[in-house]
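For reference, the chains in residue letters:
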Amino acid sequence: MTTTLALQLAIAGLSVGSIYALVALAIVIPFKASGVLNFGQGEIVTFGAYAALVLTQLALPYPIVLACVVALGAVGGIAIERVLIRPIVKAPEFTLVIATFAIGLLIKGAISVRFGDSPNTIDGPFGGEPIVAAGLRFNPTSLWIFGCTLLVTFAVIAFFRHTRLGKAMRAVSVSPEAAKLMGIRVDRVYRWSWAISTAIGALAGLLVAPLIGINPEIGQLILRGLLGAVIGGFTSIPGAVVGGLAVGLIETFSGVLIGSAFKNLVPFVLLMLLLVFRPYGLFGAADVQRV
Amino acid sequence: MSEPRRPLGTAIGAVAVVALALVASTLGSYPVYLLSLAMINVIAAIGLNLLTGNSGQISLCHSSFMAIGAYGSTLLTAKLGMPFWTAIPAGALLAAAMGAALGAPASRLRGIYLALATLGFLQIVQILIEEFADLTGGVRGLSVPKASLAGARLSDYARFLIVLGCCALAIWTARNLLASRVGRELDAVRLSAPASQALGVSLQRVRLTAFALSAAYAGVAGGLQAIVVGFIDPVEFGVSSALRQITFIVVGGMGSVAGSVIGAGVLSALPEALRPVKEYSDIIYTAILLLFLIFLPHGLVTLWQRGVRGRDAALPARSGAPS
Amino acid sequence: MRTVLLAAGAALCALALPLHAQQQGVTADTITVGAHGPITGPAAYIGLAGRDGMLLAIKEINTAGGINGRKIAAVFEDDGHSPTRALAAVKKLVEQDKVFVVMSVGGSNATVGAVDYMKEKGVPYYVSIASAPQVTWPHAKNLFRGGTTETARYGELYAEFLATYYKAKRIAIMSGREEYPRNEGDATVDKLKTWFQTAPVARVEFNIGDKDFTPQLVEVQKANPDVVAFFGNPAEAAIAMRQAKELGLKQPFFVGSNMVDPALVAAAKGSSEGVMGFSLIPYLPGSKAPDMTKWEAAWKKEYPNAPAGRPNNFDLLAYGDMYVLAEGMKRAGANLTTDSLVKALEGIQDYRVGSVATPRTFSTKHHIGNLTLVPMVVKDGQWEPVQWTSARESDILKRYN
């Protein structure tokens with residue numbers, strides 16, 4: 001493999017990995033705060049992509065579309081948390097896993113019925129002409145996605161470290177009891193952790209749409225996002241991002257090295273190995289205890 | 001706590017089996033086909049309930065064990081000429097072995113990590129079926145050799161009787177299992193891991209046994225589905241199917257054989273009832289699952305219990321949900 | 001006079017019917033037609049369109065008086081693009097709903113599950129959209145293929161077009177791992193070898209549902225082809241063509257017939273400019289040809305709330321094929337049975353409902369309805385016909401003699 005090829009593959013891997021990173025981030029945030037793993041996160045991404053489609057077809061400019069998609073994602077998350085998650089937040093883990101799965105399927109079903117299954121797409125904000133530099137070709141949309149992912153990551157880290165709500169979330173993730181005693185509104189924290197998570201997920205949908213098209217099956221990429229979260233260890237924000245990027249690279253390179261026949265096996269075999277030998281991932285700490 | 005053996009229950013069961021066989025003999029071939037599929041769902045649900053309802057382990061890959069049973073028995077018949085009545089048990093044995101193989105590492109995982117591991121296993125099985133297309137037919141599916149006895153092809157009704165017999169056997173063995181020491185260990189491990197360990201129960205062994213047992217039931221169901229339908233393909237054994245089986249036990253009631261029967265029975269009839277709105281059938285199915293999870297997490301069987309056995313509001317097996 | 005004869009005929013039928021077993025699915029005033037296709041799952045854009053096109057045709061036929069005094073009643077079952085469910089669907093249609101004829105508007109993947117059963121039951125099975133070889137070979141009396149042509153025929157046309165229109169000596173083939181795309185790829189490779197003594201310089205596979213084609217495209221690029229032939233689905237083609245551009249792959253793309261569809265342009269936008277492929281219908285939805293705009297208007301009146309991207313090719317195919325089936329039933333006359341329908345269909349030559357469909361021809365020797373395809377190119381975001389006709393005779397019919 002030549003260096004140029006390897007670098008080109010690395011660019012492709014990082015670009016798709018950024019999406020996985022955002023999804024992993026969106027999964028880890030509510031998990032850290034409330035211990036709930038949202039198996040429906042993939043469909044939040046699908047929702048974001050379709051929201052972007054509808055808004056773009058209304059001829060709104062890209063920055064407005066972006067802001068609206070993020071806002072819609074947040075609102076959607078608050079609605080889901082209030083209506084469907086709140087009644088079962090104290091339920092055993094089984095119920096939460098299956099319920100979030102089911103919520104995802106409902107969203108996907110509704111989208112399928114409303115929009116049909118024909119593929120669609122939207123344009124990236126900077127057009128499709130590749131930027132050639134140093135003998136390598138960069139897709140401007142991929143650069144934009146990578147940039148957004150970095151921005152979001154730093155924003156989230158800053159949020160947790162420096163804002164009141166962020167610190168409150170960290171307190172709740174350590175011990176909801178103690179947080180409550182400290183006067184923190186735990187239900188508000190849960191609600192906002194969901195809102196942030198679904199906002200990020202919806203944003204990922206908008207970002208990824210020019211790359212992979214818009215169709216109801218987009219949600220499948222949650223499996224890659226989950227793997228990214230596992231690699232990062234479910235409790236680490238930077239870990240989730242690094243994990244997602246790693247999955248993107250692994251996927252792209254295994255396509256070349258192993259051939260397309262078995263390349264799809266690699267993420268899942270990796271997942272199983274990690275779960276058995278290092279469930280806390282490469283960055284994570286011990287299991288978050290739920291009440 | 002176990003339920004005392006009730007000879008009356010077994011007698012009622014035997015009568016029900018005979019009655020069902022007689023009624024079915026008067027029906028057309030399509031309703032008989034549907035009944036067979038419903039009973040196959042019951043067998044699968046019983047297996048899953050042992051794992052999730054009783055031993056408390058989440059599993060998103062139950063349909064993969066059905067796949068192993070289905071493809072295993074079909075290939076044994078197609079390539080080695082084994083008749084169905086040895087091929088299906090062989091397929092089930094293979095599924096049980098794979099169940100134990102998965103259970104060995106998986107039984108050490110809890111909660112979402114277990115869910116993820118089983119999800120990973122399901123994807124791996126799907127990909128393997130699709131990749132070894134020369135053997136399995138890949139996404140195109142595999143035609144199942146017609147089941148025959150002494151050279152004569154079995155009719156729809158004959159296959160129905162076989163499925164009926166297996167279903168009755170599944171119910172009977174599961175009930176006995178749950179009433180035995182093994183059943184008590186399954187429940188103990190779910191209700192309180194530390195307490196069980198303190199009493200000398202090996203968590204690892206019990207959980208692994210649960211995996212193997214549930215896979216065996218699924219393997220039988222898969223092998224039966226192959227000969228009843230006559231065709232198998234990987235989509236039939238994917239995530240939707242696994243989620244459907246989870247819906248059976250959530251709606252029916254987790255931890256009891258009755259719950260499995262009720263859930264699988266009621267929900268197998270649902271697609272037929274939903275035919276007028278079939279484009280929405282996926283959504284309706286999922287909505288039902290969600291509603292039950294929120295409002296009636298212990299399943300329909302609790303309604304029946306509250307009605308019939310007013311005094312015992314809930315049996316012990318109902319409490320302490322899986323994780 | 002005609003009325004008298006018709007009345008006498010009807011009376012005779014009414015008398016005759018109780019005397020022997022009534023033809024399933026046919027009564028004095030109704031013909032029950034069953035159909036299956038994917039209306040849920042990722043291939044729903046095929047089945048929903050197939051169903052809607054077929055039902056539009058049925059509505060028009062019924063409004064115009066029906067067939068020989070009988071109205072058509074339709075029963076549709078979902079097959080979810082799965083062979084097992086297609087089998088369950090036809091089982092129900094034949095045994096429960098007791099239909100007279102079954103039409104398949106599903107894909108090859110699902111239809112293969114039902115073929116053996118339909119052969120066994122002897123109920124007429126008219127396959128509009130699937131191209132699975134089993135439908136027409138080995139020849140079965142009650143199976144007919146309508147809109148799509150034989151996979152081998154695709155191979156013949158594609159190979160000839162690549163060799164003579166593109167004048168390509170170096171051809172790269174990318175095919176998806178599903179029944180239909182793989183068959184297309186294999187058939188093309190086969191004919192390139194036997195007719196033109198050419199072997200592809202690269203043959204790569206991908207999985208249906210893949211989102212990244214960098215590894216395959218890199219390999220294709222290395223082989224330096226004159227043209228890239230792509231067999232898969234519109235969603236994948238869109239991503240692959242975009243990524244090809246990004247990697248600097250300048251070669252033109254040629255796509256399989258299921259992608260010669262407005263859906264490809266919707267998914268690929270600018271990257272689809274200049275792409276070529278063969279179409280099963282003379283005009284694509286969105287074309288400005290007057291017959292097409294008229295048809296689309298009628299369609300939109302019937303289905304005002306359809307999502308974007310509809311009507312699509314499958315609406316048109318199913319529409320045209322339903323008329324062919326109806327024509328067969330009409331020619332079979334008042335005494336409508338399986339045998340009379342088969343005989344009537346076999347007598348059909350170059351029939352089509354209008355210029356929005358391609359003509360169908362059946363014979364007693366084979367039931368391959370359509371052997372002609374129309375080459376097209378994407379120009380300014382719209383599929384336009386290309387001037388080219390095949391100069392070679394098809395090899396396929398030779399084996400039916």
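**Notes on the overall build of chain C**
Step number 1: Within chain C, the regular secondary structure consists of 12 helices and 12 strands.
Step number 2: Relative to the compact-globule value of 21 Å for 401 residues, chain C shows a C-alpha radius of gyration of 22 Å, a close match.
Step number 3: Expressed along its principal axes, the backbone C-alpha trace of chain C runs to roughly 75 × 45 × 40 Å.
Step number 4: Within chain C, the proportion of its 401 residues that are buried is 62%.
Step number 5: Intrachain contacts of chain C at a sequence separation of at least 6 include 70% that bridge at least 24 residues.
Step number 6: Accessible surface computed for chain C: about 14,700 Å², of which carbon and sulfur atoms make up 55%.
Step number 7: Across chain C, the 43 positively charged side chains and the 40 negatively charged ones have centroids separated by 3 Å.

**Looking at the packing of helix H3 (residues 62–80) of chain B against helix H10 (residues 203–229) of chain B**
All names here are of chain B.
Step number 1: Look at H3 against H10: their axes get within 7 Å of each other, and the N-to-C directions meet at 50°. One way to sum up the angle between H3 and H10 is to call them oblique. Relative to H10, H3 is oriented so that their crossing is right-handed. Seen from H3, the contacting residues are His62, Phe65, Met66, Gly69, Ala70, Ser73 and Thr74; seen from H10, they are Ser214, Ala215, Ala218, Gly219, Ala221, Gly222, Gly223, Gln225 and Ala226.
Step number 2: Of the residues that constitute the contact of H3 with H10, the class distribution is 7 nonpolar, 9 polar and no charged.

**Describing the interface of chain C and chain B**
Step number 1: Counting residues at the interface gives 26 residues for chain C, matched by 22 residues for chain B.
Step number 2: Sorting the residues of chain C by area buried against chain B places Thr84, Lys91 and Lys92 of chain C first, and these three jointly supply 24% of that buried surface.
Step number 3: For the pair chain C and chain B, the number of links is 3 salt bridges.
Step number 4: A salt bridge links Lys91 of chain C to Asp156 of chain B, with the nearest nitrogen and oxygen atoms 4.0 Å apart.
Step number 5: For the pair chain C and chain B, the number of links is 3 residue pairs in polar contact (both at pLDDT 80 or more).
Step number 6: Put simply, the parts of the chain that give the side of chain C that touches chain B at least two residues each are helix H2 (44–63), strand E2 (71–78), helix H3 (83–96) and helix H4 (108–121) of chain C.
Step number 7: The element that contributes the greatest number of residues to the side of chain C that touches chain B is H3 of chain C, accounting for 9 residues.

**Some thoughts on the confidence of the model for chain C**
All names here are of chain C.
Step number 1: On average, residues of chain C score 87 in pLDDT, and 95% of them are at 70 or above.
Step number 2: Here residues 3–11 is a poorly scored stretch, pLDDT under 50, and it has 0 contacts once near neighbours within four places are set aside; other chains count.
Step number 3: Note on residues 13–20: pLDDT under 50 across the span, and 2 contacts to partners over four residues away in sequence or across chains.
Step number 4: In the model output, the complex is listed with pTM 0.87 alongside ipTM 0.87.

**Digging into the sheet that holds strand E4 (residues 125–127) of chain C**
Residues and elements named next belong to chain C.
Step number 1: Pairing in this open sheet of 5 strands is parallel, and the strands run E2-E1-E3-E4-E5 from one edge to the other. The open sheet has two edge strands, E2 and strand E5 (143–145), and neither has a second partner. In this sheet, neighbouring strand axes are inclined to one another by 20° on average, regardless of whether the strands run parallel or antiparallel.
Step number 2: Bridge count for strand E1 (residues 30–37) against E2 is 8 bridges, and the pairing is parallel. Looking at E2, one finds that Thr30 is bridged to Lys71.
Step number 3: Contacting E1, E2, strand E3 (101–104) and E4, helix H11 (residues 313–332) runs over the sheet at an angle of about 160° to E3.

**Some details on the interface of chain B and chain A**
Step number 1: Contact with chain B, which involves 39 residues of that partner, is made by 38 residues of chain A.
Step number 2: The tally of links from chain B across to chain A stands at 0 salt bridges.
Step number 3: Counting across the chain B and chain A interface gives 0 residue pairs in polar contact (both at pLDDT 80 or more).
Step number 4: Of all the secondary-structure elements, those providing two or more residues to the side of chain B that touches chain A are helix H4 (84–106), helix H5 (111–131), helix H11 (239–252) and helix H13 (281–295) of chain B.
Step number 5: Taken together, the residues of the side of chain B that touches chain A break down into 30 nonpolar, 6 polar and 3 charged.

**Some words on the confidence of the model for chain A**
Step number 1: Of all residues in chain A, 95% attain a pLDDT of 70 or more, and the chain-wide mean is 86.
Step number 2: For chain A, strand E2 (residues 136–138) of chain A is the element with the lowest average pLDDT, namely 78, and helix H2 (residues 41–57) of chain A is the one with the highest, namely 93.

**Digging into the side chain of Thr74 of chain B**
Step number 1: With respect to the helices and strands, Thr74 of chain B occurs in helix H3.
Step number 2: For Thr74 of chain B, the contacting residues outside a window of four places in its chain are Leu142, Ser143, Val144, Pro145, Ala226 and Ile232 of chain B.

**Describing the sheet that holds strand E11 (residues 374–379) of chain C**
Residues and elements named next belong to chain C.
Step number 1: Pairing within the open sheet is mixed, and its 7 strands lie in the order E7-E6-E8-E9-E10-E11-E12. Edge positions in the open sheet fall to strand E7 (202–206) and strand E12 (382–385), since each of these has one partner strand only. Each adjacent strand pair in this sheet contributes to an overall mean axis angle of 25°, direction not counted.
Step number 2: Pairing of strand E8 (residues 227–231) with strand E9 (residues 253–255), which is carried by 3 bridges, proceeds in the parallel orientation. When the sheet's bridge partners are listed, Val228 is paired in E9 with Phe253.
Step number 3: Packed on one face of the sheet, helix H6 (residues 179–196) meets strand E6 (171–176), E7 and E8 and runs near 155° to E6.

**So, the environment of Lys92 of chain C**
Step number 1: By the element assignment, Lys92 of chain C lies in helix H3.
Step number 2: Setting aside anything within four residues of it in sequence, one finds Lys92 of chain C in contact with Tyr30, Glu272 and Arg275 of chain B together with Glu77 and Asp97 of chain C.
Step number 3: Polar contacts involving the side chain of Lys92 of chain C include one to the side chain of Glu77 of chain C, which spans 2.9 Å.

Conventions and cut-offs
Residues numbered from 1 in each chain as written. Chains lettered and ligands numbered in written order. Predicted model: local features only at pLDDT ≥ 70, side-chain atom pairs only at ≥ 80, totals over all residues. Heavy atoms only, no water. Helix = DSSP H or I, 4+ residues; strand = E, 2+ residues; numbered from the N terminus. Rg over C-alpha atoms; globule rule 2.2 N^0.38 Å. Buried < 20%, exposed > 50% of the residue type's maximum accessible area, 1.4 Å probe, protein only. Contact = heavy atoms within 4.5 Å. Areas by Shrake-Rupley, 256 points an atom, 1.4 Å probe, with all protein chains shown as cover. Lys, Arg positive; Asp, Glu negative; His and termini not counted. Charge placed at Lys NZ, Arg CZ, Asp CG, Glu CD. Axes fitted to C-alpha atoms, helices over the stretch in contact; angles between N-to-C directions. Parallel < 35°, antiparallel > 145°, perpendicular 65-115°, else oblique. Left-handed = near helix turned anticlockwise from the far one by under 90°. Nonpolar A, V, L, I, M, F, W, Y, C, P; charged D, E, K, R; others polar. Buried area = accessible area lost by both parts, 1.4 Å probe. Salt bridge = Lys/Arg side-chain N within 4 Å of Asp/Glu carboxyl O. Polar contact = N/O pair within 3.5 Å; in protein donor to acceptor, adjacent residues only side chain to side chain. pLDDT = per-residue confidence, 0-100. Pairing = 2+ DSSP bridges.

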